[in-house]
Number of protein chains: 2
Amino acid sequence: MQVSARGEYAVRIAVTLVTGHPRTISASSLASAQQLPRKFAEVILGDLRRAHLVDSVRGVEGGYRLARPPARISVGEVLRAVDGPLSEVRGRRPEETSYEGAAVNLPRLWVAARAAVRSVLDEVSLEQAASGDFPVSVKELAAEEDAWLPR
Amino acid sequence: MQVSARGEYAVRIAVTLVTGHPRTISASSLASAQQLPRKFAEVILGDLRRAHLVDSVRGVEGGYRLARPPARISVGEVLRAVDGPLSEVRGRRPEETSYEGAAVNLPRLWVAARAAVRSVLDEVSLEQAASGDFPVSVKELAAEEDAWLPR
DNA sequence: CTTGAATCCTACTTGATAGATAGGATATGC
DNA sequence: GCATATCCTATCTATCAAGTAGGATTCAAG
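The numbering scheme is per chain: residues are counted from 1 as the chain's sequence reads. Here every chain gets a letter starting at A, and every ligand a number starting at 1, in the order they are written. Note on the predicted model: pLDDT of at least 70 is required for a residue's local features to be given, and 80 or more for side-chain atom pairs to be given and counted; whole-chain, interface and lining totals, by contrast, use all residues. Only heavy atoms go into the side-chain values, all of them from the structure, while hydrogens and water stay out.

### A look at the pattern of salt bridges
Then step 1. The term salt bridge refers to a side-chain nitrogen of Lys or Arg lying within 4 Å of a carboxyl oxygen of Asp or Glu. Scanning the entire structure with this criterion turns up 22 salt bridges over all chains.
Then step 2. Across the pair E8(B) and R90(A) runs a salt bridge whose closest N-O atoms are separated by 3.5 Å. Of the two residues, E8(B) sits in helix α1 (residues 5-20) while R90(A) sits in the loop between β4 (88-89) and α5 (106-121), which places them in two different chains.
Then step 3. Across the pair K139(A) and D133(A) runs a salt bridge, and its minimum N-O distance is 2.9 Å.
Then step 4. Whether a residue is buried, partly exposed or exposed follows from its accessible area with a 1.4 Å probe, protein chains only, as a fraction of its type maximum: under 20%, in between, or over 50%, in that order. With relative accessibility at 45%, the residue D133(A) sits in the partly exposed group.
Then step 5. One salt-bridge network, in which partners are shared between bridges, spans R6(A), D47(A) and R50(A). By definition, any uninterrupted DSSP run of H or I lasting at least four residues is a helix, any uninterrupted run of E lasting at least two residues is a strand, and each is numbered from the N terminus.

### Details of the interface of chain B and chain A
Then step 1. Any two residues whose heavy atoms approach within 4.5 Å at even a single point are treated as in contact. Across the contact, 64 residues belong to chain B and 64 residues belong to chain A.
Then step 2. A combined buried area of about 5600 Å² lies between chain B and chain A, and 61% of that area is made up of carbon and sulfur atoms.
Then step 3. The largest per-residue losses of area from chain B upon contact with chain A belong to M1(B), R90(B) and R151(B), which jointly make up 13% of the total buried on that side.
Then step 4. At the boundary of chain B with chain A, the tally comes to four salt bridges.
Then step 5. Between N or O atoms, a polar contact is any pair within 3.5 Å; within protein, one atom must be a potential hydrogen donor and the other a potential acceptor, and residues adjacent in sequence are included only when both atoms are from side chains. At the junction of chain B with chain A, the criterion picks out 32 residue pairs in polar contact (both at pLDDT 80 or more).
Then step 6. Of all the secondary structure elements, the ones that give two or more residues to the side of chain B that touches chain A are β1 (2-3), α1, α4 (75-83), β4 (88-89), α5 (106-121), α6 (126-131) and α7 (136-143) of chain B.
Then step 7. Ranked by residues supplied to the side of chain B that touches chain A, first place goes to α5(B) with 15 residues.
Then step 8. Under the scheme applied here, ten amino acids are nonpolar (Ala, Val, Leu, Ile, Met, Phe, Trp, Tyr, Cys and Pro), four are charged (Asp, Glu, Lys and Arg), and all others, including Gly, are polar. Looking at the side of chain B that touches chain A, its residues break down into 37 nonpolar, 12 polar and 15 charged. Using a 1.4 Å probe, buried area is obtained as the accessible area two parts lose upon being combined, added over both of them.

### Thoughts on the relation of the copies chain B and chain A
Then step 1. Take chain B, turn it by 180°, move it 0.0 Å along the axis, and it overlays chain A with an RMSD of 0.0 Å. One copy is carried onto the other by what is essentially a two-fold rotation axis. Across chain B, the smallest distance between a C-alpha and the rotation axis is recorded for M1(B), namely 1.5 Å.
Then step 2. The share of interface residues of chain B whose copies in chain A are also at the interface is 100%, consistent with both copies meeting through the same surface. Copies overlap after least-squares fitting; the atoms used are the C-alpha atoms of residues with pLDDT of at least 70 in both.

### Some thoughts on the protein's contact with DNA strand C
Then step 1. The rule for a residue being near a molecule or strand is that one of its heavy atoms must lie within 4 Å of it. For DNA strand C, the set of nearby residues contains 22 residues, the closest of which are A27(A), E42(A), S56(A), V60(A) and K39(B).
Then step 2. Within 4 Å of the protein, the contacting atoms of DNA strand C are 66% sugar and phosphate, with bases supplying the remainder.
Then step 3. The side chain of R49(A) places a nitrogen or oxygen atom 3.1 Å from a phosphate oxygen of DNA strand C.
Then step 4. In this structure, a base oxygen belonging to DNA strand C sits 3.0 Å away from a side-chain N or O atom of R58(B).
Then step 5. Breaking the surface near DNA strand C down by element, the ones donating at least two residues are α3 (38-50), β2 (54-57) and β3 (63-66) of chain A together with α1 and α3 (38-50) of chain B.

Laid out in structure tokens, this is it:
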């Protein structure tokens, strides 16, 4: 699971929008709240808008707001909007892979791995991401001591 | 979870080594068995050797073999050997991230997502990857219908 | 109906990285 | 000493991530 700078920034921006919801917040405010380059934040907000995750209002007093209630947008959606598919294998979707010989069973493995990623990122809403009150299954994953150790 | 060409190739090579274990197999044979560029396969096998996942034998009748029994090497180890950490957020380990404001809870989320990835890739051995006889939890993930659908 | 603050659009730069390929030096068994 | 391997160093090319630049467009308030 590689999250790019864009992806990280997008999620940080999104949870910041949660706090002010449903007021609009300008790109400058969002950028300074999370200490991101303003222009880059604008680009990312453009992606989120085209994915219909945020609405924008132009002009003075304008800015951005979440297009749906914070409980009904998942972190996974935000990441997909800016980074593309959550899981890829050599640039292909897991279910599109196909091998011969000893590797014939790998597609099932790739699909299972993607399902595991989804079970976290698609099950956590922006509201939960902002509050820290994740679903039980996610809390359990983060509560394991080993989960915090590098490998 | 992004798996690079190197990563995919490495796993395909590794499961091919399972089938012949503990005989040595040459880079050329491995490459043609999985239809990979021979020279690139050599590079990857070098990575696996330096990670102590395979042993090599030089000279005629030489080649590569798994350094441990196929049941005691995980797919995750193979991927790490060639691609680095399974999960990164903006180039950092999940537990190394830190944010202010509305994003303070994100590190726990990143860690949970990594744990989910690990629960698949680190729990499946090369033997299981070759046979398709995955752990029950992994089989269940792959058995879900939705798991095979793109999002 | 102008002004200021905001979004929006197009283009560009810069550096790093993936995915190879090339050629040969080195080791080994027969 | 010869055939067959691994192993080492170097190079290439295209793509992409990350960020910057400049200005055109929109809109509410006064």
